[in-house]
Amino acid sequence: MPDWSQPIRQRLHGLNLEGSREAEIIEELSQHLDDRYRDLLSSGLSEEGAVTKALEELETSDVLARELRKTRQPSDGRRAALGDNGPGGIFSGFRHDLKVSLRIIVQKPAFAVMVTGILALGIASNAAIFSVFNGLFLRPLPFAEPPRLLDLDETAPKWDLTYVGISNFDAYHWMWGNAAFNGMAFFGHGGANLSDGSVASQRIEAPPVTYTLLDVLGLKPVLGRNILPNEDKPGGDNVILLGYDLWQRLYRGDRNILGHVLKLDGKPYTVVGILPREAALPPNADAWIPLAADPNSSGSYYLSGVGRLKHGVTIDQARADLTRISQVLHQNPTRQ
Amino acid sequence: MSEQSIQRDLKKGSAELLILSLLQAGPRHGYEISKLIEARSRGAVSFRVASLYPLLYRLEDRGLLQGRWVEKTGQRRRRYYRLTGAGRKILIQRRLGWLAFVEAIHHITGDEYA
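Residues numbered from 1 in each chain as written. Chains lettered and ligands numbered in written order. Predicted model: local features only at pLDDT ≥ 70, side-chain atom pairs only at ≥ 80, totals over all residues.

Q: Teacher, can you tell me more about the overall build of chain B here?
A: A tally of regular secondary structure across chain B gives 4 helices and 3 strands. For chain B, the N- to C-terminal ordering of α and β elements is α-β-α-α-β-β-α. Per-residue burial for chain B yields a buried fraction of 32% across its 114 residues. Taking as baseline every contact in chain B between residues at least 6 positions apart, the subset at least 24 positions apart corresponds to 48%. (Helix = DSSP H or I, 4+ residues; strand = E, 2+ residues; numbered from the N terminus. Buried ≥ 20, exposed ≤ 12 C-beta atoms within 10 Å, placed from the backbone. Contact = placed C-beta atoms within 7 Å.)

What follows is the structure in structure tokens.
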């Protein structure tokens, strides 16, 4: 592998960085160039061509230094963060935080999340549970029995990462192995280009979801049906549930829409149902498509989750239940 | 609009939003972020090392991201970036602002509103 440290160091010249800081930047940028070089070789470039192309990432000699000069550490060395009081004193910071929080709650009243606890195990991937609660001063969550809904996430305390998302493997094993929840559902994030001969093409949010999401939220389609379990498997049929607003906006609430085929990123999807207005998860979704994930594939930690507690089960009991599953999984890893 | 001008305008106005959005699902390292931006924009938007990492460091300084070196067995350590709580809040604001902007432009240019 070429040594990238010299060209990077040349570009950092004049910044007067601390030795350890400079070493970290060189290490990080060198790894990026290693990856780029490897990809370029795989694409068929010669070694010499790949080096030249990879070095173009650093641009001309002054660009990196100029950009890095815009990065300014706070004068006292502290990181700026939510909760910092700033020059206006403690109430200025409090006012700012309150303003930000209220704005978010007003904009997204259906999905305000309160962190209630995080597991602190020394293994790579653990369960973290948050109770989903409503803004006290706003309308209630549009789901059945919202106190029983929990937002699910994983945390990696070993790496000091509080939120890492949930992997396929963990999501499905939680879903199958838990004893504390009536149901669990998981969803990703994603947009797609919707094209349909009858309406203007546009970008929509069409996150993939497990077929369990409607049941967990306690909702039913206003028209048609839910995603079927068989459609929520790798290779399952491409079906789509349209959001209520999208249905009204694009198809003027046409009740004959069921069975209609539209395209997402060029792939055909059959409309099988219309979501109720109350389907406020995943946030900003215009439509739902099946997650159809491979439960045995670990992949990246990209899922969000929500679970409905069984009657009488506490958050602590649920947390212990998921901890038990995580410990078993990570002691006996069979994932790909 | 040419690809170059799309690149320039998008990068100027939305680089922060792009990076925060990509970290919403979980921690990623710099190369992964750059590949995702290029892949998901189908090559229309790309960030080189000289602009990507200074931007990551700025977002980290503002408390919106947190970078951590992560060591895995048999691999070199890598620096992963994750969203902080403040970053998640700013992401929501930026996303809403972006959607409002796009909608406003659409109202002006879209045929169905003519």
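After that view, the rundown keeps rolling.
Q: For this particular structure, what's the right way to read the overall build of chain A?
A: For chain A, the helix and strand inventory stands at 9 helices and 13 strands. Counting across all 336 residues of chain A, residues that qualify as buried make up 33%.

Q: Would you explain the confidence of the model for chain A in this entry?
A: Any residue range with low pLDDT should be treated as having predicted coordinates unsuitable for detailed reading. Residues and elements named next belong to chain A. Model confidence for chain A is summarised by a mean pLDDT of 76, while 73% of its residues fall at 70 or above. Confidence scores differ between elements of chain A, with strand 1 (residues 112-118) showing the lowest mean pLDDT of 30 and strand 9 (residues 239-242) the highest of 97. Contacts for the low-pLDDT stretch residues 73-139, under 50 throughout, to residues beyond four places or in other chains number 113 contacts. (pLDDT = per-residue confidence, 0-100.)

Q: Where do I start with the environment of Y80 of chain B in this structure?
A: Residue and element names in this part refer to chain B. Within the secondary structure, Y80 sits in strand 3 (residues 78-83). The class for Y80 is buried, based on 22 C-beta atoms found within 10 Å. Distance from Y80 to H29, taken between C-alpha atoms, is 4.4 Å for residues 51 residues apart in sequence. When sequence neighbours within four positions are dropped, the list of residues in contact with Y80 reads P27, R28, H29, R68 and V70.

Q: Can you help me understand the pairing of strand 3 of chain B in this one?
A: All names here are of chain B. With respect to burial, strand 3 is a largely interior element, 5 of its 6 residues being buried. Of the pairings in the sheet, the one linking strand 1 (residues 28-29) to strand 3 comprises 2 bridges and is antiparallel in character. If you follow H29 over to strand 3, its bridge partner there is Y80. Examined bridge by bridge, strand 2 (residues 65-70) and strand 3 share 6 bridges and lie antiparallel to one another. Within the sheet, the bridge partner assigned to R68 lies in strand 3 and is Y80. (Pairing = 2+ DSSP bridges.)

Q: Sorry if this is basic, but what is going on with the sheet that holds strand 1 of chain B here?
A: Two pairing modes exist for strands in a sheet, parallel and antiparallel, and in both the strands are linked by backbone hydrogen bonds. Spatial ordering of the open sheet is given by 1-3-2 (chain B), a layout of 3 strands whose pairing is antiparallel. Two strands close off the open sheet at either side, each with one partner strand: strand 1 and strand 2 of chain B.

Q: For this particular structure, what's the right way to read the environment of Y81 of chain B?
A: Residue and element names in this part refer to chain B. Tracing the backbone shows Y81 in strand 3. Sequence-wise, Y81 and R68 are 13 residues apart; in three dimensions their C-alpha atoms are separated by 6.5 Å. Residues contacting Y81, with those up to four places away along its chain left out, are L23, P27, R28, L56, L65 and G67.

Q: Could you clarify how one ought to interpret the nonpolar core in this entry?
A: Taken as a class, soluble globular proteins show a tendency for nonpolar side chains to be buried jointly. In terms of nonpolar packing, the biggest core is built from 58 residues, with A185, L217, I240, L241, L242 and A287 of chain A touching the most fellow members. With 5 residues, the top contributor of residues to this core is strand 4 (residues 181-187) of chain A. Counting only domains with at least three residues in this core, you end up with domain 2 (113-187 + 296-331) and domain 3 (191-290) of chain A. Non-local contacts of A287 of chain A, meaning those with residues more than four positions away in its chain, are made with I204, A206, I240, L241, L242, G243 and L246 of chain A. Residues Y53, Y57, L59 and I90 of chain B belong to the second largest nonpolar core, which totals 32 residues. (Core = buried A, V, L, I, M, F, W, Y, C linked by C-beta atoms within 7 Å. Domains from an automatic or database assignment.)

Q: Looking at this structure, how should I read the confidence of the model for chain B?
A: Residues and elements named next belong to chain B. When pLDDT is averaged along chain B, the result is 81; 84% of the residues meet or exceed 70. Mean pLDDT across the secondary structure elements of chain B bottoms out at helix 1 (residues 3-22), with 70, and peaks at strand 1, with 93. As a predicted assembly, this complex carries a pTM of 0.49 together with an ipTM value of 0.85.

Q: How should I be thinking about the packing of helix 2 (residues 19-42) of chain A against helix 3 (residues 47-55) of chain A in this particular structure?
A: To characterise two packed helices, one gives the angle between the axes of the helices and the distance between these axes. All names here are of chain A. Orientation of helix 2 relative to helix 3, taken along the N-to-C sense of each, is 140°, at an axis distance of 9 Å. By the angle class used here, helix 2 and helix 3 are oblique. For the element pair helix 2 and helix 3, the recorded crossing hand is right-handed. Contact with helix 2, carried on its side by L33, R36, Y37, L40 and L41, involves E47, A50, V51, K53 and A54 of helix 3 and no other residues of that element. Grouping the constituent residues of the contact of helix 2 with helix 3 by class yields 7 nonpolar, no polar and 3 charged. (Axes fitted to C-alpha atoms, helices over the stretch in contact; angles between N-to-C directions. Parallel < 35°, antiparallel > 145°, perpendicular 65-115°, else oblique. Left-handed = near helix turned anticlockwise from the far one by under 90°. Nonpolar A, V, L, I, M, F, W, Y, C, P; charged D, E, K, R; others polar.)

Q: I would appreciate a short explanation of unusual backbone geometry in the present structure.
A: The bulk of non-glycine residues show a negative phi, and the bulk of peptide bonds are trans. Residues and elements named next belong to chain A. That bond from L281 to P282 is cis: its omega, -15°, falls within 30 degrees of zero. Inspection of the secondary structure puts P282 in the loop between strand 11 (267-274) and strand 12 (287-290). Phi is positive for D265, which is not a glycine, with a value near 50°. Here D265 is to be found in the loop between strand 10 (261-264) and strand 11. For A292, which is not glycine, the phi torsion reads 45° and is therefore positive.

Q: Mind showing me how you'd approach the packing of helix 1 (residues 5-12) of chain A against helix 2 of chain A here?
A: Residues and elements named next belong to chain A. In contact at an axis separation of 10 Å, helix 1 and helix 2 are set at 130° when each is read in the N-to-C sense. The angle between helix 1 and helix 2 places the two elements in the oblique class. Helix 2 is crossed by helix 1, and the crossing has right-handed handedness. In this structure, helix 1 uses S5, I8, R9 and L12 to contact helix 2, whose residues at the interface are E22, I25, I26, L29 and S30. Among the residues forming the contact of helix 1 with helix 2, the class breakdown is 5 nonpolar, 2 polar and 2 charged.

Q: Just to check I follow, could you spell out helix 4 (residues 85-109) of chain B for this structure?
A: Helical geometry: 3.6 residues make up each α-helical turn, so side chains three or four residues apart lie on a common side. The terminal C-alpha atoms of helix 4 of chain B, which comprises 25 residues, lie 36 Å apart, in line with the 36 Å expected from a rise of 1.5 Å per residue. Every buried residue of helix 4 of chain B is listed here: A86, G87, I90 and I92 of chain B. (Expected span 1.5 Å × (residues − 1).)

Q: Sorry, what's going on with helix 3 (residues 49-61) of chain B here?
A: Residue and element names in this part refer to chain B. Over its 13 residues, helix 3 runs 18 Å from end to end, which matches the ideal 18 Å to within 8%, given 1.5 Å per residue. By the burial criterion, the buried members of helix 3 are V49, A50, L52, Y53, P54, L55, L56, Y57 and L59. Phi for G63, located one or two positions after helix 3, is positive at around 80°.

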